[in-house]
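Summary of the model geometry
Chain by chain, the residues:
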Amino acid sequence: MLRIQRIYIEAGARDYPLTRRLLARLPGVPVEDIPDRAVLQRRGSEPAAWLAESKTALLLAVQKGPFWRPCPGTRDYICCGYQTLQVTVNCPFDCTYCILQGYVNLPVTTVFVNVEDLLAELERKFAATPGRIWRLGTGEFGDSLALDHLMGLNEQLIPFFGRYPRAILEIKTKDHAVAPLLPLGPNSQVIFAWSLNPPALIRKHELGTAALEARLQAARQAQAAGFRLAFHFDPIIFFPGWEEAYRRTVAWLGAAVSPEAVAWISLGALRFLPPLRRIIFRRFPHSRYAAAEMVLAPDGKLRYFKSLRLELYAPARRS
Ligand code: SF4
């Protein structure tokens, strides 16, 4: 992971416990107060020119809208009802295929510091929907663990979710730093989830993240501490030898954790909105997978041809 080199504090965000904690845990890092995040915008310059910088700068800001945002799903596709909590935007890791590259509009990783408002919003929503089961996650707009050694957010969220048996929190990550959270188990409301890919893909395309072995070791530890687990093979990337590489990855997963602890496994083949292709080529010219022949799907995303998608999913259906 890249080292944080600069901190911006938006007006109104100074006087929060999370701001104080972050500043205390990043001594010596230059701090600048700004009136509004708009001053950081690089108008007229391509995202590829400043995305690397966005991985090393934090913006501490107040979430003025809702933290809780229903996942928009994909038009014409079946929605799984997942709910997202926007606690950060962007991530210090640097996956070459990361869809956030086409989404962030500031050269920073934003951390929303008003955790008290997040907890109050969750309480209100749970109280208003007593019969509903909610599946929520903090890993859609960033990595749920990558900044946790600085934020300490999961130390608050894990016991909080333990009090609401109809709510499930997914902590989705490519990191391995679960050790400080293990004493908070057992807690069956909390699911630690890892995105998995073959080791060669991780080394080349998931920059700064934990190695596969470290992720599986962390999963084993989380299971032993009494948490449930989930795994995401997403994005599945096609390359010569893909089937054997993914088969070995699944075998390592099977050897690392017991199936009873696994709440769900998801699969998703590589897909992205067309402008991301240009960003990937600009930032990571070696990423030949992005040059694959793809079709524009009805949802506006580029996807592998259907025949290839079926081939990529077939081994999972057979096993
Ligand atoms: S870990 Fe997730 S959010 Fe972070 S760069 Fe990789 S894909 Fe993007």
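Please read all numbers here as calculations on a predicted model, not as lab measurements.

Per the secondary structure count, the protein includes ten helices and 17 strands. Buried residues in the protein amount to 51% of all 319 residues. When contacts within the protein are restricted to residue pairs at least 6 apart in sequence, long-range pairs at least 24 apart make up 75% of them. In the structure as shown, the protein presents an accessible area of about 15,000 Å², 57% of it carried by carbon and sulfur atoms. Charge-centre separation for the protein: the mean point of 40 positive side chains lies 4 Å from the mean point of 28 negative side chains.

Now for the packing of aromatic side chains. Evaluated as defined, the whole model comprises eleven aromatic pairs. For the pair Phe126 and Phe161, a centre-to-centre distance of 6.0 Å together with 80° between the ring planes defines the contact as edge-to-face. Of this pair, Phe126 sits in helix α3 (residues 115–128) while Phe161 is found in helix α5 (residues 153–162), placing the two residues 35 residues apart along the sequence. Pair check on accessibility: Phe126 and Phe161 agree, each one buried. Aromatic rings pair up to connect Trp68, Phe126, Trp134, Phe160, Phe161 and Tyr164 into one cluster.

Looking now at the sheet that holds strand β15 (residues 271–272). The strand order across the open sheet formed by three strands is β15-β17-β16, and the pairing between neighbours is antiparallel. Of all the strands in the sheet, just β15 and β16 (294–296) have a single pairing partner and so form its edges. In this structure, β15 lies alongside strand β17 (residues 302–304), joined through two bridges in antiparallel fashion. Counted as the bridge partner of Arg271 is Arg303 from β17.

Inspection of the region around the ligand gives Lys55, Cys91, Phe93, Asp94, Cys95, Cys98, Leu100, Gly142, Asp143 and Lys174 as its neighbouring residues. A breakdown of the residues in the shell around the ligand according to their chemical character gives five nonpolar, one polar and four charged.

A few words now on the pairing of strand β10 (residues 167–173). In terms of burial, β10 is largely enclosed, as seven of its seven residues are buried. Of the two faces of β10, both are covered, the one formed by Ala167, Leu169, Ile171 and Thr173 as well as the one formed by Ile168, Glu170 and Lys172. Here β10 runs beside strand β11 (residues 187–195); their pairing, made up of five bridges, is parallel. In the strand pairing of β11, Ile171 is matched with Phe192.

The next subject is the nonpolar core. Core analysis: the largest hydrophobic core is formed by 93 residues, its most contacted members being Leu122, Phe126, Phe161, Phe192, Trp194 and Leu229. Excluding anything up to four places from it in sequence, Leu122 contacts Trp68, Leu85, Leu136, Leu157, Phe160 and Phe161. Formed by five residues, the second largest nonpolar core is a distinct cluster that contains Ile191, Ala193, Ala230 and Trp264.

Further remarks concern helix α9 (residues 274–283). Buried within α9 we find Leu276, Ile279, Ile280 and Arg283. For α9, the buried positions fall inside an angular range of 100° around the axis, keeping them on one side. In this structure, the buried side of α9 is in contact with α2 (47–54), β7 (94–95) and β15.

Rules used throughout
- Residues numbered from 1 in each chain as written.
- Predicted model: local features only at pLDDT ≥ 70, side-chain atom pairs only at ≥ 80, totals over all residues.
- Heavy atoms only, no water.
- Helix = DSSP H or I, 4+ residues; strand = E, 2+ residues; numbered from the N terminus.
- Buried < 20%, exposed > 50% of the residue type's maximum accessible area, 1.4 Å probe, protein only.
- Contact = heavy atoms within 4.5 Å.
- Areas by Shrake-Rupley, 256 points an atom, 1.4 Å probe, with all protein chains shown as cover.
- Lys, Arg positive; Asp, Glu negative; His and termini not counted.
- Charge placed at Lys NZ, Arg CZ, Asp CG, Glu CD.
- Phe/Tyr/Trp six-rings, centres within 6.5 Å; stacked < 30°, edge-to-face > 60°.
- Pairing = 2+ DSSP bridges.
- Near = heavy atom within 4 Å.
- Nonpolar A, V, L, I, M, F, W, Y, C, P; charged D, E, K, R; others polar.
- Core = buried A, V, L, I, M, F, W, Y, C linked by side-chain atoms within 4.5 Å.
- Arc of directions from axis to C-beta.

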